[in-house]
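Below are the chains, spelled out letter by letter.
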Amino acid sequence: MPLVRPASMCPSAFLRRFLFALSTTVVSIASPPVDAAAVDYLRDVKPLLKERCFACHGALKQEAGLRVDTGELLRRGGDSGSALVAGDPAASLLIERVADPDPASRMPPEGEPLTAGQIEALTQWIAQGAISPADEEPEADPSSHWAFQPIVRPEVPPRSDSSWGRNPIDALIASRHESLGLTPQSPADAALQVRRLYLDLIGMPPTPDEWVTILGRSSRGPLDESDYTRLVNTLLEDPRHGERWARHWMDIWRYSDWFGLGDQLRNSQLHIWHWRDWIIESLNDDLPYDEMVRLMLAGDELAPQDLQKLRATGYLARNFFLFNRHQWMDETVEHVSKSFLGLTMNCAKCHDHKYDPLPHDDYYRMRAFFEPYHVRLDMLPGETDLKRNAIPRAFDGPADIPTYLFVRGEETQPDKSRAILPGVPDVVKLKELEIRPIDLPAEAWQPERRQWVQDAHLAAAESAVEAATSAVAAAHEALAHSVKLHADLAAQAETDEVVPSSARPASPVSIVDDFTTLNSQRWELLGGDWEHQPGRLQQRQDGPTRSAIRWVPQPPHNFDISLRFTTTGGSMWRSVGIAFDVTADAHAGAAAAGVNEEQLVYVSAVAGGSKVQVAYRQGGVDQYPHDALRALPIELDRPYTLRVQVRDTLINVSLDGVPVVAWQIPLARRAGGLHFTTFDALSTFHEISIAPLADDVELREPASATLAEPTHPAQAERAVGVAKAKLHLAQQSLAVAEAQRESLGQRVAALALAWQLADTAAADADLVAREQAARVSAIRAERQVTVASAERTLADAQLRRLQASEDQWEKIDKEIETATQNAASAKMTAQTDVGPDERYASISGAQWTPTRFLNSSADDPAVPFAPQSSGRRTALADWITDPGNPLTARVAVNHIWTRHMGSPLVPTVFDFGRQGTPPTHPELLDWLASELIDSGWSMKHLHRLIVSSETYRMQSSAAGREANEAIDRENLYWWRRVPTRLESQAVRDSILALAGKLDLTRGGPSVPLKQQADSPRRSLYFFHSNNERNLFLTMFDEASVTECYRRQESIVPQQALALTNGRLVLDAILPIAERIGAAAGDQTVVGDQAAGDQTVSGDRVADEDAFIRLAFVTLVGFTPTDEEIAACREALATWRGQDGTTPSQARAYLVWTLLNHNDFVTLR
Amino acid sequence: MLTYPTPRLSRRSLLGNGLASIALAAMLQRDGFGQEHGWAPPNGKPHFPPKAKSVIWLFMNGGVSHMESFDPKPMLNRYAGKTIAETPFAEVQSPDRLAIERLVVPDANGNQRNTLYPLQVGFQKHGESGIEISDWFPYIARHVDSLAVVRSMWTTDSNHGAQSQFHSGRHRNDGDFPNLGAWVHYGLGSLNDNLPQFISMGNREYWNASDGHYLGPAHDAVPLRVDPANPLDFARPERPFPDAAKSVGTELIARLNSFREAAYPRDPALDARIASYELAFRMQRSIPEALDFSQETAETHALYGLDQPATAAFGSQMLAARRLVERGVRFIQVQHGGGGAGAWDAHGGLKANHTNNAKAVDQPIGALLEDLARRGMLADTLVVFGTEFGRTPGSQGADGRDHHIFGFSVWMAGGGIKGGIAHGATDEIGFHAVEDRHYVTDIHATIMHQLGLDSRKLEIPGRKRLDIDHGHVIHDIIA
């Protein structure tokens, strides 16, 4: 085993993508053992040289002056002379270098050495005279590669067969048919054509009613041309079209909601859905493709003040990566190149591209366009909380950050000898790139100047004052109520003895057991030392173990239970409580095996920490949540009534009628035992009542736990004190809000003057003076905020002092002391003069998204918003969208074609370079590209062209075209359509749409994962990130957010499980059946004009056939054969005969069957 | 875009190869790759006679301390509290020896941990081989003579993205790549048409569910919960659906699909769809059956620790693994320990952390080895115990250890692996692997080799991995 890896091991960040991998690694071609007698240059030698040597010694590069792409060139040799001596392998440099044991001088320098077999083949070939064909052509000049040539609108061949074809697409397809002898498939049936158009253009099939309308006007066979055209136009104008195609582009442009680790945002951005909405709207508006690209790459430079257009730069915001700038830049360079240009620029990160004329520098030249950019959130009108909503967008930070080439692509080895400037590859350079910095309007780089920002802040301050004013009014009312209650209770106390709270039942009591007898039907005694005497049940064992009495009958799920008890002693904890939902094993304690859960409410008279606590045990671990605890004095030798009311997971606890805890228990409820427990307590149980909780009893929500109504005069008196303190706090809070409003107003006014001053060229003494005065006022107003805040802090501590248990007092007293000092010092400061250097806080209109590139475990120093943007990205976008760019339009139309037709014209959709696969129909590709450009980059124009073609309308079946299969089995020449499997979103959306449940609301924040199961929104609105994706959608090859230039189309059993068992389907089948039934009932003959139904006796069966026909058309897009109808009839009859199955359920089962038909998820 | 190569594949071979592989093959062929390189999808047969039939891949999320598990370093006790520079081993920190570490997203502090931290557990020699194993793993230690402990692992990525690296050979930052289990599934297909061939249990922390990645989702692991009530997503109707009605519908689905063969002859997608429904319906029965532990004896329950809270969870997964292998599942990966970066990530409180984690897995793993051996299954079942990296010889904070990529341990057992050997070595403080160094993909290569697979023959033109990803078979540990 070698101790170290070969030195050629490629550096890390560079081991990224398979295409690159292809370029540097060994393929075991030409490796079969070579028969020495029969080495053939073309078979055994040239492929090996091509794979391993051409990249450096071929048309692309001629290292050491050597080319090896023909036998003649090998013989000619390079700087070191001939590479071979025919007949003498031992004297041949070629053999010497490939067989060199020293890795430093061995060829090829990267990847594994040639195998012994490969070297042997070269050796034998030379030994046999190094024979190569005389007419061997050297490799073509890389710059002559087809994709780098200008797009020239091709001549459309005249149609020789006028019976086939509708537009130039067909003519270009037909010319290959004719030359190859292929017979194009006939057009698909009307239903299938309609289904294709709907799913292709809007992402869901027609509803049953729509089917009846559309097909009612047309018999079987192709649609009338006018109907077809009308349908195409209607669908292209349907707003669902933008949603459908947005999802395609979101795949290509790597849409992702934010993801990270836990709550830490590491990738993409908050609110990135604004970009998604911009894509949808742009497609619906038919915004030109070139304009979309420009706005995505440089919207911040092109429309710096237009929030709507700034959304487009979400394309760049999505590439945000918290930790590593290089990774961020790499992803940007790689995917800008792949998605817009079809270039695998990423291969040039570590060295010159092995196949394309893209030198190492080019990678960093491309990176330099993006070097200055960062991401920020811009405030939207009316929303000051950027976490709630804002526009994530790109902006240029400092333009002077140099871009360095990384030696071998390693970020640890920047070549700082020269900074690399932005530039595009020479091979596709159209003209000298002009990069001009762009002066931004002040409001773009000082977003606080935007009127809506100021308005939003002022409105927020105003509503804070309003809220605080209401709170003061409420506190006044609460105080008045407390005062009255105290007075009433005091008056009552004079006439009345204290009424024990247990005597005031609030709900009907089912069972009250006062232990006159110990009823063994009711009670099981567990642990400890229980002693019963009439009227009392006593626990006499001391020590930290649990004892309990178990309520033998099944307790109610929602209940109202009271326990009156007196604790007389115990070593320490002195806890008495009520446990419910106790599993069989739980009584044995936390360590017990098996399912070990319970919910517990207990009163603990432990010295120094007495309390009422709600606790629970999960997986054998006891949890004592802090927010389910009420600290209060619990005395020994005094009866208490602990009352627990539970409705589902909402629990209310009161002690002696005083509410103490209201809480949502996090542990799921389960049917379990009800125990009355003691732990380390000597205690006597006097009375237990158990009743179901009446539905009309109102329980307190957790937040209202402190709104306990006192029942004793002493409590009421204390409550009055608390209410006064609360009023005081509310008043102080109002003072803060008012001070903030005032301060904000002053600061906005001062800022306005400061901006005016900054924008004024000439000195204006009066303006300077006014600005100074405003500054002083603003600072004074800010000081008042500090004073008010300090006083509020004090009021808050004073209130907490009143509410706290004794053990907290010392801590709170210290807080009060500090707060008092702070308030005094703030007041002192407020009196002092404003210094000349003192500044007030500006307001914020946007926030830079912090990065952590420095690995300091804190945010990096903030990137300021600069008045100038580098203009680099605008220059790049202009070059990409230049009509003369040979790549952009070709790449775009290839993507569009693929999504209409199921298969691309250039199979390597993101690699149009020399290693990619050339187009099957170069003229068609160029014709479509010309149409795109000449139509003003209208994508709808292209959609219309493609779906109107005869090529689009063909059947996908191979039936009757056996002759074609013999010529072109793979259908590379489009003699039939390619069937496609619906994308995950189309599957789900279709099911909901057919059921009439789809919510067609457009746009807005992504639906969180937890809400998705119940959400009727279109699937593209679902939160979708690397970490969070919808389970149902993942079953059908969901888009990978890191790279998805084409979707997978798998067929796996998990899909069958999702469609047979998923609630999405099972909830939809009855509504779908009903809608089909309603539509079929109106018109018994649909689609197929077959009269066969008439021969079947009985109306019901005739109706059933109509139902079956419409169900087929609706769900699988074809009219069933007699055989299929018969099979369905038979199944329907069987279902109807099954116990408890109604006729409508039987129909629902048929719908279920058809949703699981291959053709439901297939676009034939 | 589903065009398929002819001649038509039989139903059986469709299942065997995994369905998407066919789609992929077709795509590649259409894209020109297949034709150019004469590549063909695997046919489900090994490339040479295999030693192992199935793999149980145990992965401890977070990074197990190699020095406190399978690679004792008494020098740590001797020099405890000294900085490495103060010991005779200062050379381990020379920059050129640390250079293999890649600059990646830091998720620990990334600093060298210089102050040696003593071993937190004792060691005993075990078995005839006398290999030392820490006292935290007494049950595994009983089987030491079946184990080949590789003490000389190294990797390049010191953050937890290395979890993904250990599964695919690639760090998470490199993008997604097929996991080992996906390659095995792709290469060998099915031993049992009723069950998924690649199963994953336990928590996944740092890599997503796309095990198959470019091989296609058919090669993704099927996540399995050892909960007979809900072992598999969508395994049971989520709304009431009478069995009788369902069986009528199921039969009708098959009939209606097959009727379509008339209009769409020679359509392998249709065949694949029909086959996928058949397997789905079989899985609905076979998986609950495979997870029905009531068929096991009380002694077996106790053996796996199902009767104790500490071991019940992982024990259930181990017992499930054995039952699944018995039924012909090819590759099972079991991840132990979820939360944050993985349960074993003991940056602090290492002693308590490893004590608890070892307690949770040791008896169940020992039971698995025992149970496989006594059923005669260990001979052709390869058990692998791995983790993303080791932990630093130096302390982090008062009582933890940081991530450590320069040397750590992995062990294998069964499936034609030599027992009772400790292969390779780290230096005296467990810092660098120094003898018989192995990169993580050497483990992959060894597993593939035992299954009769040559990774180079499996690779798909245009979708290849780099040389290093193929790894080198560790011949020294093969019986």
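The structure presented is a predicted model; accordingly, all values stated were derived computationally and were not measured.

Asks: Can you walk me through the overall build of chain B in this structure?
Replies: Looking only at helices and strands, chain B has 16 helices and 15 strands in total. By the burial criterion, 66% of the 479 residues in chain B qualify as buried.

Asks: I would appreciate a short explanation of the overall build of chain A in the present structure.
Replies: On a plain count of helices and strands, chain A comes out with 35 helices and 27 strands. A total of 1164 residues make up chain A; the buried ones form 57% of that total. Of the contacts made within chain A by residues no fewer than 6 positions apart, 71% connect residues no fewer than 24 positions apart. Accessible surface computed for chain A: about 46,300 Å², of which carbon and sulfur atoms make up 53%. Taking the average location of the 115 positive side-chain charges in chain A and that of its 157 negative ones, the two points are 1 Å from each other.

Asks: Would you mind going over the confidence of the model for chain A with me for this structure?
Replies: All names here are of chain A. When the pLDDT values of chain A are averaged, the result is 88; 91% of them are 70 or greater. Long-range and interchain partners of residues 498-508, a stretch whose pLDDT sits below 50, account for 13 contacts in this model, where long-range means more than four residues apart. Confidence drops under a pLDDT of 50 for residues 1082-1100, and excluding neighbours within four residues, the segment shows 19 contacts in the predicted structure.

Asks: What should I look at first to understand the pattern of salt bridges in this one?
Replies: Where charged atoms of side chains with opposite charge meet at close range, the side chains can pair. Residues and elements named next belong to chain A. Enumeration over the complete set of coordinates arrives at 99 salt bridges over all chains. With a shortest N-O distance of 2.7 Å, Arg449 and Asp759 are connected by a salt bridge. Here the residue Arg449 occupies a position in the loop between helix H17 (442-445) and helix H18 (451-495), and Asp759 occupies one in helix H19 (residues 713-759), the gap between them amounting to 310 residues. You can call Arg449 buried: its relative accessible area is 11%. Lys811 serves as the salt-bridge partner of Glu815, at 3.6 Å between the closest nitrogen and oxygen. Taken together, the positions of Glu815 and Lys811, both in helix H21 (residues 809-831) and four residues apart, correspond to about one turn of that helix. A relative accessible area of 26% places Glu815 in the partly exposed class.

Asks: What is the right way to look at the environment of Gly416 of chain B in this model?
Replies: All names here are of chain B. Tracing the sequence through the fold places Gly416 in the loop between strand S11 (408-413) and strand S12 (421-423). In this structure Gly416 comes out as buried when scored by relative accessible area, which is 19%. What Gly416 contacts, discounting residues up to four positions off in sequence, is Lys51, Ala379, Gln450, Ile478 and Ala479.

Asks: Sorry if this is basic, but what is going on with the nonpolar core here?
Replies: Across soluble globular proteins, nonpolar side chains have a tendency to be buried as a group. Counting residues in each nonpolar core, the largest one holds 259 residues, and the members touching the most others are Trp253 and Phe340 of chain A together with Ile365 and Trp411 of chain B. For this core, the element with the most residues is helix H32 (residues 1063-1082) of chain A, which contributes ten residues. Filtering out sequence-adjacent residues up to four positions away, Phe340 of chain A remains in contact with Trp253, Tyr289, Val293, Met296, Leu297, Tyr315, His335, Ile880, Leu887, Thr888 and Val891 of chain A.

Asks: What should I look at first to understand the environment of Arg792 of chain A in this one?
Replies: Its location among the elements puts Arg792 of chain A in helix H20 (residues 765-803). The spatial distance from the C-alpha of Arg792 of chain A to the C-alpha of Ala730 of chain A is 8.5 Å, given a sequence separation of 62 residues.

Asks: Any chance you could explain the packing of aromatic side chains here in plain terms?
Replies: A ring pair, where both rings are aromatic, is described by two values, the distance of the centres and the angle of the planes. All names here are of chain A. Taken as a whole, this structure holds 49 aromatic pairs over all chains when the rule is applied. For the ring pair Phe321 and Phe323, a centre distance of 6.3 Å and an interplane angle of 80 degrees mean the geometry is edge-to-face. Each member of the pair, Phe321 as well as Phe323, is classed as buried. Cluster of aromatic residues (ring-pair linked, three or more members): Trp249, Trp253, Tyr255, Trp275, Tyr289, Tyr315, Phe340 and Trp937. Between the NZ or CZ atom of Arg801 and the centre of the ring of Trp809, over which it lies, the distance is 4.3 Å. Across from the ring centre of Tyr228, 3.6 Å away, lies the NZ or CZ of Arg953, which sits over that ring.

Asks: I tried to follow H21 of chain A on my own but got confused; where do I start?
Replies: Along an α-helix, a turn takes 3.6 residues, which lines up residues three or four apart on a common side. Residues and elements named next belong to chain A. Compared with an ideal rise of 1.5 Å per residue, which puts 23 residues at 33 Å, H21 spans 33 Å between its outermost C-alpha atoms and is within 8% of the ideal. Here H21 has its buried residues at Ile812, Ile816, Ala819, Ala823, Ala826 and Ala830. Tucked inside the fold, the buried residues of H21 contact H20.

Asks: Looking at this structure, I do not really get the state of the cysteines. What am I missing?
Replies: Think of a disulfide as a covalent bridge from one cysteine sulfur atom to another cysteine sulfur atom. Residues and elements named next belong to chain A. Summed over all chains, the structure comprises zero disulfides over all chains. Cysteine Cys347 shares no disulfide, and the gap to the nearest cysteine sulfur, in Cys350, comes to 9.2 Å. Assessed through its relative accessible area of 2%, Cys347 is described here as buried.

Asks: I tried to follow helix H7 (residues 190-201) of chain A on my own but got confused; where do I start?
Replies: All names here are of chain A. For H7, with twelve residues, the first-to-last C-alpha span of 16 Å sits near the 16 Å given by 1.5 Å per residue. Taking burial as the measure, the twelve residues of H7 include twelve buried ones, the bulk of the element. Among the residues of H7, those classed as buried are Ala190, Ala191, Leu192, Gln193, Val194, Arg195, Arg196, Leu197, Tyr198, Leu199, Asp200 and Leu201. Looking one or two residues beyond H7, the residue adopting positive phi is Gly203, at roughly 85 degrees.

Asks: Just to check I follow, could you spell out the pairing of strand S1 (residues 54-60) of chain B for this structure?
Replies: Both faces of the sheet carry side chains from a regular strand, because those side chains alternate between them. Residue and element names in this part refer to chain B. Within S1, seven of the seven residues are buried, which leaves the element mostly enclosed by the surrounding structure. Across six bridges, the pairing between S1 and strand S7 (residues 331-336) is parallel. The partner of Phe59 across the bridge, within S7, is Gln335.

Asks: Explain unusual backbone geometry to me, please; I cannot follow it from the model alone.
Replies: For residues that are not glycine, phi is negative in most cases, and the peptide bond is trans in most cases. All names here are of chain A. The step from Met107 to Pro108 runs through a cis peptide bond, and the omega angle for that step is -10 degrees. Among the structural elements, Pro108 can be located in the loop between helix H4 (93-98) and helix H5 (116-127). Despite not being glycine, Arg574 has its phi angle at roughly 50 degrees, a positive value. With respect to the helices and strands, Arg574 occurs in the loop between strand S13 (559-569) and strand S14 (575-582).

Asks: Before we go on, may I ask you to explain the environment of Asn964 of chain A in this structure?
Replies: Residue and element names in this part refer to chain A. Among the structural elements, Asn964 can be located in helix H27 (residues 962-967). We classify Asn964 as buried; its relative accessible area is 1%. Sequence separation between Asn964 and Ile272 is 692 residues; the distance between their C-alpha atoms is 48 Å. Apart from residues no more than four positions distant in its own chain, Asn964 is found in contact with Gly181, Leu182, Thr183, Arg969 and Trp975. Within the local environment of Asn964, its side chain forms a polar contact with the backbone oxygen of Thr183, the two atoms lying 2.6 Å apart.

Asks: For this particular structure, what's the right way to read the packing of H19 of chain A against H20 of chain A?
Replies: Relative placement of two packed helices is described by the angle separating their axes and the distance separating the axes. All names here are of chain A. Across the interface, H19 lies against H20 with an axial gap of 7 Å and an inter-helix angle of 165 degrees. With respect to their mutual orientation, H19 and H20 come out roughly antiparallel. By crossing handedness, the relation of H19 to H20 is classed as left-handed. Each residue belonging to the contact of H19 with H20 can be placed in one class, and the counts come to 20 nonpolar, 13 polar and eleven charged.

Procedures and definitions
- Residues numbered from 1 in each chain as written.
- Chains lettered and ligands numbered in written order.
- Predicted model: local features only at pLDDT ≥ 70, side-chain atom pairs only at ≥ 80, totals over all residues.
- Heavy atoms only, no water.
- Helix = DSSP H or I, 4+ residues; strand = E, 2+ residues; numbered from the N terminus.
- Buried < 20%, exposed > 50% of the residue type's maximum accessible area, 1.4 Å probe, protein only.
- Contact = heavy atoms within 4.5 Å.
- Areas by Shrake-Rupley, 256 points an atom, 1.4 Å probe, with all protein chains shown as cover.
- Lys, Arg positive; Asp, Glu negative; His and termini not counted.
- Charge placed at Lys NZ, Arg CZ, Asp CG, Glu CD.
- pLDDT = per-residue confidence, 0-100.
- Salt bridge = Lys/Arg side-chain N within 4 Å of Asp/Glu carboxyl O.
- Core = buried A, V, L, I, M, F, W, Y, C linked by side-chain atoms within 4.5 Å.
- Phe/Tyr/Trp six-rings, centres within 6.5 Å; stacked < 30°, edge-to-face > 60°.
- Lys NZ or Arg CZ within 6 Å of the ring centre and 35° of its normal.
- Expected span 1.5 Å × (residues − 1).
- Disulfide = S-S within 2.5 Å.
- Pairing = 2+ DSSP bridges.
- Polar contact = N/O pair within 3.5 Å; in protein donor to acceptor, adjacent residues only side chain to side chain.
- Axes fitted to C-alpha atoms, helices over the stretch in contact; angles between N-to-C directions.
- Parallel < 35°, antiparallel > 145°, perpendicular 65-115°, else oblique.
- Left-handed = near helix turned anticlockwise from the far one by under 90°.
- Nonpolar A, V, L, I, M, F, W, Y, C, P; charged D, E, K, R; others polar.

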